[in-house]
Amino acid sequence: MIERYFQFLGEDQTIQLLEANEKPLTPSIRVNTLKIDKDTLKNRLESKGFKLESIDWIHYGLKIKKSPLNLGSTHEYLQGFYYIQSVAPMLPAFILDPNPSDIVIDMCAAPGGKATHMAQIMNNEGNLILIERNRNRIPALEINLRRLGVSNSIIINEDAVNLSKMNLKADKILLDAPCTGEGLIRQDSSRKRSKTMKDINKLSSIQRKLLKTGLNSLNPGGQLLYSTCSIAPEENELVIDDVLKDNSDFAIVKIPGNYGVKGIVDVYNKTLREDIKYSQRLYPHLHNTIGFFVCLIQRNI
Ligand SMILES: C[S@@+](CC[C@H](N)C(=O)[O-])C[C@H]1O[C@@H](n2cnc3c(N)ncnc32)[C@H](O)[C@@H]1O
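What you see is a predicted model; the values in this text were computed from it and never measured.

Student: Mind showing me how you'd approach the pairing of strand E5 (residues 103-106) here?
Tutor: On a regular strand, each side chain points to the face opposite its neighbour's, so the side chains alternate between the two faces of the sheet. Taken together, the 4 bridges between E5 and strand E6 (residues 127-132) define a ladder with parallel strand orientation. Counted as the bridge partner of isoleucine 103 is asparagine 127 from E6. Read as a crossover between parallel neighbours, the route from E5 over helix H5 (residues 113-121) to E6 is right-handed. As paired elements, E5 and strand E8 (residues 170-176) share 3 bridges and run parallel to each other. Each residue of the ladder has a partner; that of aspartate 106, found in E8, is leucine 174.

See the structure below:
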C-alpha cells in the first residue's frame, strides 16, 4: 500500500498521510432539516453540555468538540434530528444537489447516510429510489429512513448492475461505490492490512460495471456522482477513465466549490483524460477528513 502511495503522493506526503491516519477524527453530525433547524438543535444539545462548532462546507453540519453523552443515545438522535456522519461523506449528496422534482437513484444505499441526506435536500419530495444488494443491510436502511422521517423513497433489494434491466431513467444518480475503504484507516486501523491488491482489482471491476450501468440510466443532462472512501486511483480515476473511454456522451463536470485537491491525471505511468482533474480527493493530512474521492459526471443533452 505504501509503495503505491509513494507513486501518487510522493515520499513526503505519504509520511504526512500515515501520521494523520494515526490521529483521531473529530466526530460530526448532519442536522436533519426535515425535522429541525440547525440553531434549535444546537441550542438543545448545548444545554445538555455538548460543545459544537460549525462545519465550513456544510451549513447544517456540526462538529462535536465535547460530548457528555453517547451521540447515538440522545433524545435528539432517537427523534431523528441528526445523522452521525463525518464531514467528507456529507459531500456527495451536497454536491449532487437533487431537486425536489427529480427522479433520483442511490445505487448502493445502505445504511442510508447519503440517501437520507438527499431526501433532506429534496425536501421529502420527488422520487428517491434506493437500491441495495445486501438484504442484511436493508433493516439498518429502513430504520434510518424511518428515524429521519424520509417519505419520498422506495427500497429495491437488487444488484445495481441490473439497473439497466429495470427500465428506470433518473435525473440524478448517486454511486457511492463499494470499495476497499483505504480512506477509512483513521477510523478503523484494521483497514491498514485487511485488503490486498486482489481485493482492489476485484472491487475496481465491480465499480466499472456499476458506473457503466449508472451512466446508462441517466436522462440527457442528468448527473451521476461517483464517490468512494478510498484514495486508491485504481478505484477512482482509473475506473472513470476506463468507463468514459471512447464515449462522447458524457463529460466530467467541474464541481462547484473547492473541497479537496484535484483528481490525478498522471498515475502509474499512464496519462488519463484531462477532465479527470475536475474530480476531487480528500486526504487526512491535507483536509483533516477521512480519505475520500468525488467525481461528478454529466450526460450530454
Ligand atoms: C459504501 S456502502 C454505501 C454507503 C451508503 N451510501 C451510505 O451513505 O450510508 C456500499 C453499499 O453498497 C452495497 N453494494 C455493494 N455492491 C452492490 C451492488 N452491486 N448493487 C447494489 N448494492 C451494492 C453494499 O452492500 C453496501 O451497503
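Student: Help me understand the domain arrangement of the protein chain, please; the structure alone is not making it clear to me.
Tutor: When the parts of a complex come together, some accessible area is lost, and that lost area is often taken as the interface size. In terms of domains, the protein chain is made up of domain 1 (2-21 + 87-299) and domain 2 (26-85). For domain 1 and domain 2, the distance between their C-alpha centres works out to 25 Å. Contacts between the two partners involve 26 residues from domain 1 and, on the opposite side, 21 residues from domain 2. Together, the buried faces of domain 1 and domain 2 total about 1900 Å²; carbon and sulfur atoms form 61% of this surface. It is Met90, Gln120 and Arg147 that lose the most area in domain 1 upon contact with domain 2, and together they represent 40% of the buried surface on that side. Taken together, the connections running from domain 1 to domain 2 amount to 12 residue pairs in polar contact (both at pLDDT 80 or more). Going through the elements one at a time, helix H4 (91-96), H5 and helix H6 (138-148) are the ones with two or more residues in the side of domain 1 that touches domain 2. Residue contributions to the side of domain 1 that touches domain 2 peak at 7 residues, all from H5.

Student: I'm lost on the site of the ligand in this one. Help?
Tutor: The environment of the ligand is formed by 19 residues, the closest being Glu132, Arg137, Asp159, Ala160 and Asp176. Lysine 114 places a polar side-chain atom, nitrogen or oxygen, 2.9 Å from an oxygen atom of the ligand. Arginine 133 has a polar backbone atom sitting 3.2 Å from a nitrogen atom of the ligand. For the ligand, the accessible surface in isolation is 600 Å², of which the surrounding protein chains cover 88%. When atom positions are compared with the pocket grids, the ligand is found to occupy the largest pocket. In the shell around the ligand, the residues fall into 9 nonpolar, 3 polar and 7 charged.

Rules behind the numbers
Residues numbered from 1 in each chain as written. Predicted model: local features only at pLDDT ≥ 70, side-chain atom pairs only at ≥ 80, totals over all residues. Heavy atoms only, no water. Pairing = 2+ DSSP bridges. Helix = DSSP H or I, 4+ residues; strand = E, 2+ residues; numbered from the N terminus. Right-handed = clockwise from strand over helix to strand, strands pointing away. Domains from an automatic or database assignment. Contact = heavy atoms within 4.5 Å. Buried area = accessible area lost by both parts, 1.4 Å probe. Polar contact = N/O pair within 3.5 Å; in protein donor to acceptor, adjacent residues only side chain to side chain. Near = heavy atom within 4 Å. Areas by Shrake-Rupley, 256 points an atom, 1.4 Å probe, with all protein chains shown as cover. 1 Å grid on protein atoms, 1.4 Å probe; cavity = no way out; pocket = protein on both sides within 12 Å on 5 of 7 lines; lining within 4 Å. Sits in = over half its atoms within 2 Å of the grid points. Nonpolar A, V, L, I, M, F, W, Y, C, P; charged D, E, K, R; others polar.

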